[in-house]
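Listed below, chain by chain, are the residues.
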Amino acid sequence: MSRKGFSVSELTFQEEEFSRQIDLGLWRRVVRHAKPYWRQLAGLCIAGLVVAGVDVMLPLSTAWLIDEAVANGVGPRLWGLIGLYFTLCAALCVCIWVFIELAGQAATGIAYDLRTQGFARLQALSFSYYDVRPVGWLVTRLTSDVTKLSSLIPWFLLDLVWGSLLLLGITAAMFWLNWQLALAVLVIVPPLSIASVYFQRRLLDSSRNMRRTNSQITANFNEAITGVRTTKALVREREALDEFQSLSGAMHSHCMRNSLQSAIYLPLVITIGSLGVGLALWRGGVDVLGPDSTLTLGVLIAFMQYAALFHMPIEELARRFTDLQAAQAVAERIQTLLDTEPEIQDSPEVVKQIEATAIAEAKPNVAMDGGPAVIKRVEFRDVSFWYKPDEPVLKRFNLSVTPGETIALVGATGGGKSTIASVLARFYEPCEGEVLINGTDYRQRSLHWLQSNLGIVLQSPVLFSGSIRENIRYGRLDATDEQVEEAATLVNANVFIDELDDGYEFEVGEAGSRLSTGQRQLVSLARAVLADPQIFILDEATSSVDTETERLIQDGINRVLHGRISFVIAHRLSTIRAASRILVIDSGRIVEHGTHEELMAERGRYHDLYVGQFARQKEQAWLAGDEQPT
Ligand SMILES: Nc1ncnc2c1ncn2[C@@H]1O[C@H](COP(=O)(O)OP(=O)(O)OP(=O)(O)O)[C@@H](O)[C@H]1O
Ligand SMILES: [Mg+2]
């Protein structure tokens, strides 16, 4: 728990858990991503096989070399063996180069594919998916998780082939040379395996704790940096530091444990390995010196080399299997992301219908189709909606709108106004009831058709890095410069744009951070106007613009909205006086409706709200010295 009473990113930590059991079904699905790189992977297996072969051959050739030198001295046979030795070394170098290259190619390719697919999936997923997942969590999936998984696949395969073949090869060679001595060396296998598996598991646990704490630290950093103004303003530096220190303290102890484990593990494995060498030397040495020795010096040296080599594949295999366990959570998260179907998408019938129309009319852009050209009526019929099942937001909401009507939604914060807009835009679908367009449930038409007929200015405007011109043109990519400027002029955005040095080429910065909120609203308003949609939704589109500018753009907006279906959400009631219908929304229901005049005459909730705001405006105007109190 953090100082604010909620955990920084609970989801991240919940999903970090994983089981030790290798989930074959999951890995089968994951391995499919490696299919396009089967050539590289096959090459890796061959390289692994050759390297294992060379690793087994090198001690043997050393043995032959020594025995030949001892028995016959320098001669053509010795030169031949020296040649063999160097050829093996050269083959080893080439294979290492080949497998590093191939593993790199496969890992990069798999990472590229996973990232592209993951990104495409994220673009397709519905809003509800993003509601419960922190941005940082999603970014980690496509960055470090993908890197981890994509490099694991080729390296695991290589080590599996190399390690198991090397173990088999060494064992076979030792038995072939001298079975008694082979048995003596193999005594080290059980303690070596136990130590490797034990320590790898401990290391896995501690490094998992390190990773988990690290992501908490990153989240903490992120919040601390982005929230530094609030922290300072509320004089909470001490608490922020305390919280950070407790996290870093935890990180420190996990790191210490991890280093201690590594510090014990490596010498232990080397010691056990040396024990094997010692055993070979002792048993073999006695044998070589014995009067009826069957063992040559060369073979003894080969044995010592095998004994020294033996721990490498065991250690490597143990490490790769723990990597696999550790990566299982990563694999599962990525695979789940790729397998998640968007909650809102065209139904199979709609897809079929669109395809049929496309074939019949030979239209290339099938997605554009799937609905009538002119929208004559939008109707909410008994729409109920909730984000969480036991907390209804809209309750049996009914509304019918025709072109030329501007519907204003007003009411208390959290009443459900933005939710009505989201349901209309099909960002979310009704949980009960239906939204009808020209009398047909919008789920029977394509999403693309609906959304390309919608122009939305969201409550918190989103701009992308790039120039103002590019951001406005995002509404209609084929618009000319003149059309972009016309749209900006219509909503009065040209006034502030003309004052900028670069004008329309001004770079807005990440998420439009170099513009004020009001300026961002004007740009996104121009963008929506440029798109020229049949349905307009303006959610607090001008809430951060000063009243004077708002008055100036009101005319422009009214002209744009003329003849269309429009929904305007506003807290500043002066802006919606002209709306054809005003709906007062409270807890997801319409509690009052009518024109401004009707509602004022009713003297109900709207009247009170309006009079309250009007009085405040007057007071402010008076304080500013513009008017005398009345
Ligand atoms: N993505 C979401 N996930 C869960 N609950 C949500 C989500 N968005 C809104 N809510 C909840 O739904 C209710 C209605 O929210 P909504 O944003 O529609 O209100 P609003 O009328 O637009 O308020 P405001 O005037 O402050 O913009 C609120 O109680 C809010 O907590
Ligand atoms: Mg809202």
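Not measured: the values here are computed from a predicted model. (Residues numbered from 1 in each chain as written. Chains lettered and ligands numbered in written order. Predicted model: local features only at pLDDT ≥ 70, side-chain atom pairs only at ≥ 80, totals over all residues. Heavy atoms only, no water.)

1. Considerations on the side chain of Asn492
Stage number 1. Along the chain, the position of Asn492 falls in the loop between helix H16 (481–490) and helix H17 (494–499).
Stage number 2. Overall, Asn492 belongs to the buried group, its relative accessible area being 17%.
Stage number 3. Apart from residues lying up to four places away in sequence, Asn492 is in contact with Leu552 and Ile553. (Helix = DSSP H or I, 4+ residues; strand = E, 2+ residues; numbered from the N terminus. Buried < 20%, exposed > 50% of the residue type's maximum accessible area, 1.4 Å probe, protein only. Contact = heavy atoms within 4.5 Å.)

2. So, the packing of aromatic side chains
Stage number 1. Following the criterion strictly, the structure yields 15 aromatic pairs and no others.
Stage number 2. The interplanar angle of 85° and the centroid separation of 5.3 Å between the aromatic rings of Tyr198 and Phe199 together place this pair among those described as edge-to-face.
Stage number 3. Exposure remark for Tyr198: the relative accessible area of 45% places this residue in the partly exposed category.
Stage number 4. For the pair Phe380 and Phe397, a centre-to-centre distance of 5.3 Å together with 90° between the ring planes defines the contact as edge-to-face. Residue Phe380 is found in strand S1 (residues 378–388), and its partner Phe397 is found in strand S2 (residues 391–401); the two are separated by 17 residues along the sequence.
Stage number 5. Judged by its relative accessible area of 1%, Phe380 falls in the buried class.
Stage number 6. Phe397 gets classed as buried once you look at its relative accessible area, which sits at 1%.
Stage number 7. Cluster of aromatic residues (ring-pair linked, three or more members): Phe127, Phe385, Tyr387, Phe427 and Tyr428.
Stage number 8. Arg426 extends its terminal NZ or CZ atom over the ring of Tyr442, reaching a point 5.5 Å from the ring centre.
Stage number 9. The aromatic ring of Trp449 is capped on one face by Arg445, whose charged end is 5.4 Å from the ring centroid. (Phe/Tyr/Trp six-rings, centres within 6.5 Å; stacked < 30°, edge-to-face > 60°. Lys NZ or Arg CZ within 6 Å of the ring centre and 35° of its normal.)

3. A word on helix H19 (residues 547–561)
Stage number 1. The terminal C-alpha atoms of H19 lie 20 Å apart, and with 15 residues this matches the ideal 21 Å at 1.5 Å per residue to within 8%.
Stage number 2. Within H19, the axis deviates most sharply at Ile553, by approximately 35°.
Stage number 3. Buried within H19 we find Thr549, Glu550, Ile553, Gln554, Gly556, Ile557, Val560 and Leu561. (Expected span 1.5 Å × (residues − 1). Bend = angle between axes of the 7 residues up to and from the residue.)

4. Digging into the pattern of salt bridges
Stage number 1. This structure, assessed with the given rule, holds 24 salt bridges.
Stage number 2. Here Arg396 makes a salt bridge to Asp382, at a shortest N to O gap of 3.5 Å. Of the two residues, Arg396 sits in strand S2 while Asp382 sits in strand S1, which places them 14 residues apart along the sequence.
Stage number 3. Residue classification places Asp382 among the partly exposed residues on the basis of a relative accessible area of 29%.
Stage number 4. Two residues, Asp441 and Arg443, come together in a salt bridge whose shortest N-O distance is 3.4 Å. (Salt bridge = Lys/Arg side-chain N within 4 Å of Asp/Glu carboxyl O.)

5. Comments concerning the site of ligand 1
Stage number 1. Neighbouring residues of ligand 1: 13 residues in total, closest Gly414, Lys417, Ser418, Thr419 and Gln459.
Stage number 2. One of the side-chain nitrogen or oxygen atoms of Ser418 is found 2.7 Å away from an oxygen atom of ligand 1.
Stage number 3. With respect to ligand 1, the side chain of Thr419 contributes an N or O atom lying 2.4 Å from an oxygen atom.
Stage number 4. In the complex, 65% of the free accessible area of ligand 1, which totals 630 Å², lies under the protein chains.
Stage number 5. Sorting elements by how many residues they give to the shell around ligand 1 places helix H13 (residues 417–424) first, with three residues. (Near = heavy atom within 4 Å. Polar contact = N/O pair within 3.5 Å; in protein donor to acceptor, adjacent residues only side chain to side chain. Areas by Shrake-Rupley, 256 points an atom, 1.4 Å probe, with all protein chains shown as cover.)

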